[in-house]
Amino acid sequence: MTCSLFKRLVDAYVDSELDGAEAMEVWRHADHCPDCARELARARYVKVKMEEGAGHGLPDGLEDRILLATTGSVSPAAKPEVLRRPVWAWGLTAAAAAAFAIMAIALLRPTPAPPPTTASAAEDSIYSEGFDPLAIPIPAPASARTASFGP
Amino acid sequence: MWGDDKESAAVRPAFEEQVRRTSRQAYAVARRLTGNAEEAEDLVQESFVRAYRFYHRYDPNLPFASWLFRIMTNLHIDAARRRSRFRLFSLDSQSEATGAAYEPADPADSPETRLLDQEVDASLNLGLRGMNPEFRTALVLSDVEGLSYEEIAEVMECSIGTVRSRIHRARKILREYLTQSAPHLIPPEAGR
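Here, residues in each chain are numbered from 1, in the same order as that chain's written sequence. Each chain takes a letter, starting from A, and each ligand takes a number, starting from 1, following the order in which they are written. With pLDDT at 70 or above as the cut-off, local features in this predicted model cover only qualifying residues; side-chain atom pairs require 80 or more to be listed or tallied, and sums for whole chains, interfaces and linings still use all residues. To obtain the side-chain values, all non-hydrogen atoms of the structure were included, while hydrogens and water were left out.

Draft legend 1. Spatial organisation of the interface of chain A and chain B. The contact definition used throughout considers only heavy atoms, calling two residues in contact when any of these lie within 4.5 Å. If you look at the interface, chain A gives 37 residues, while chain B gives 45 residues. A carboxyl oxygen of Asp or Glu within 4 Å of a side-chain nitrogen of Lys or Arg is what we treat as a salt bridge. Inspection of the chain A/chain B interface yields six salt bridges. Here B:Glu41 and A:Arg65 are joined by a salt bridge, their closest N and O atoms 2.7 Å apart. For the purposes of these results, a polar contact is taken to be a pair of N or O atoms within 3.5 Å, where, inside protein, one atom must be able to donate a hydrogen and its partner to accept one; residues adjacent in sequence count only when each atom of the pair is a side-chain atom. The tally of links from chain A across to chain B stands at 13 residue pairs in polar contact (both at pLDDT 80 or more).

Structure follows, in structure tokens:
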């Protein structure tokens, strides 16, 4: 066996994926070739470290979150804090709802009808055709209002 | 997705049992595929959501884990292709600066204060992140999940020869990466 062929087969050898005859050839070559023996040791080392480093436990609550996202079930042992939305999330939701409600009220509230008046020509001009409804109405003088609502 | 009908009621307990039996394996694979806990959790959860949605297509005569891994690896490879941060490269392409087939990440990415095993683990994750997602997936299914080449070929829907080639290339990349970027992590008998 050549070193080139050895290097092509070494990973399948490490994974026990070669048949008996091929595996024997690889083993014999490594036994006589120091460079390829090091290559074999490196292949084994990488495989072992890949296996060792994968021993992470399942994060807390992941299984419950999966069940909730799929079948919608929650195990009795599930910690409420794992499934519950954080407090700040509820606070944000409430604040957004309040802001929306205030905006909706402000937009939907009817513009106050102009007070019936017989007041001066200056006040009449405010409600004339050229009046901008978005402009803040100028309040009528107190004396005029009293006069208009009086008996 | 299943509705609230009789079929759904019959499927739920079976699927929940599958989740309990395979979620740990799935997370171990996802950790190596993604290289970090947050992305791994997202990948696992999304894989199970898809598995549940298409559970009516699952053949109960086959291992559920293999079917789940197929979903997971497709999701991972698709995501890796979409994201630009997964730098794809050709094994045949040579780095102009070093002449190496693959330029290692900055060794400073591995904090010196880490313990040796943590450093090896971090280096492996960096090496994995830099490679083609098909190579990475084949290697992780072999080394983390312990699947045979035949099983990996079924999961990845390719030939056994392709699996052998992908694993060989992936492990070669990791060997070169560790040798170039972190030679102090290689034990003496495997050193240059």
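Draft legend 2. Just the packing of aromatic side chains, in detail. Residues and elements named next belong to chain B. What counts as a ring pair is set by centres within 6.5 Å for rings of Phe, Tyr and Trp (its six-membered ring), and what kind of pair is set by the plane angle: stacked under 30 degrees, edge-to-face over 60, tilted for all other angles. Within this structure, the stated rule accounts for ten aromatic pairs over all chains. Their ring planes at 20° and their centres at 5.5 Å tell us that Tyr55 and Tyr58 sit as a pair that is stacked. In terms of burial, Tyr55 and Tyr58 fall into one category: buried. A ring pair is formed by Tyr58 and Trp67, whose centres lie 5.2 Å apart and whose planes are at 35°; its orientation type is tilted. A relative accessible area of 17% places Trp67 in the buried class. Here the aromatic residues Phe15, Phe48, Tyr52, Tyr55, Tyr58, Phe64 and Trp67 are joined through ring pairs into a cluster of three or more. Under the scheme applied here, a residue whose accessible area is under 20% of the maximum for its type counts as buried, over 50% as exposed, and between as partly exposed, the area being computed with a 1.4 Å probe on protein chains only.

Draft legend 3. Spatial organisation of the environment of A:Ile66. The helix count covers DSSP runs of H or I at least four residues long, the strand count covers runs of E at least two residues long, and both are numbered beginning at the N terminus. Within the secondary structure layout, A:Ile66 lies in helix H4 (residues 62–70). Judged by its relative accessible area of 0%, A:Ile66 is buried. Setting aside residues no more than four positions away along its own chain, A:Ile66 makes contact with B:Val19, B:Ser23, B:Val44, B:Gln45 and B:Phe48.

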